[in-house]
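What follows is each chain in one-letter form.
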Amino acid sequence: MKKIFIMLAMVAFTSMAYAQVKRPEPPTTDEIIEMATKELGLSDEQVIEWKSIHEKYADVMKSRKMAKEARAKIDNELKATLTGNQLETYLEIKKERENQRPARRPRE
């Protein structure tokens, strides 16, 4: 009986360990800019502008309460740096990525 209880406890603990899946780390600013440079063909001047925009909001993004508002401001400022073709491509990529995200469960 004792052996069965120990086996059940081991199975329970191992299954709980596998159930806790870690989220992937969000990309760094440099990785974001590198991807944008490849996908949108950013010029050197645009890369500098993008870096300064991200640096400007770096501290605000650490606060969860203010991050949503900051993301909207960042997005608007980044859009302002893009040319017409780049903006179209940016919006298409953004829409595709939003569609790829899994739906979030509502909070209880």
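Summarised in this report is the structure supplied together with it. Given the structure is predicted, the values throughout are model-derived calculations rather than measurements. Position numbers for residues count from 1 along each chain, tracking the sequence in the order it is written. Two thresholds apply to this predicted model, a pLDDT of at least 70 for residue-level local features and 80 or more for giving and counting side-chain atom pairs, whereas whole-chain, interface and lining totals are computed over all residues. The side-chain quantities take in all heavy atoms of the structure and omit both hydrogens and water.

Digging into the overall build of the protein
Okay, so step 1: To qualify as a helix, a DSSP run of H or I must reach at least 4 residues; to qualify as a strand, a run of E must reach at least 2; elements of each kind are numbered from the N terminus. Along the protein, the regular secondary structure elements total 6 helices and 0 strands.
Okay, so step 2: Mapped in sequence order, the helices and strands of the protein form the string α-α-α-α-α-α.
Okay, so step 3: Within the protein, the proportion of its 108 residues that are buried is 19%.
Okay, so step 4: Working rule for contacts: check all heavy atoms of both residues, and any pair within 4.5 Å makes them a contact. Counted over contacts in the protein with a minimum sequence separation of 6, partners at least 24 positions apart contribute 43%.
Okay, so step 5: All accessibility values rest on the Shrake-Rupley procedure with a 1.4 Å probe; residue burial counts only the protein chains present in the view. Carbon and sulfur atoms form 57% of the exposed surface of the protein, whose accessible area is close to 9,900 Å². The buried label goes to any residue with under 20% of its type's maximum accessible area, the exposed label to any with over 50%, and the partly exposed label to all in between, with areas taken from a 1.4 Å probe on protein chains only.

A few points about the pattern of salt bridges
Should their charged atoms come close, side chains of opposite charge can pair.
Okay, so step 1: Here, a salt bridge means any Lys or Arg side-chain nitrogen found within 4 Å of an Asp or Glu carboxyl oxygen. Enumeration over the complete set of coordinates arrives at 7 salt bridges.
Okay, so step 2: Here Lys73 ties to Glu69 by a salt bridge, and the two come within 3.4 Å at their closest N and O atoms. Taken together, the residues span about one helical turn, with Lys73 and Glu69 both in helix H5 (residues 64–80) at a distance of 4 residues.
Okay, so step 3: Take Glu69: its relative accessible area is 52%, and that puts it in the exposed class.
Okay, so step 4: Salt-bridge contacts for Lys79 lead to Asp75; the nearest nitrogen and oxygen are separated by 3.3 Å. Taken together, the positions of Lys79 and Asp75, both in helix H5 and 4 residues apart, correspond to about one turn of that helix.
Okay, so step 5: For Lys79, a relative accessible area of 26% gives the class partly exposed.
Okay, so step 6: What emerges from the salt-bridge pattern is a single network uniting Asp75, Lys79 and Lys94.

Just geometry here; none of it tells us what the structure is for.
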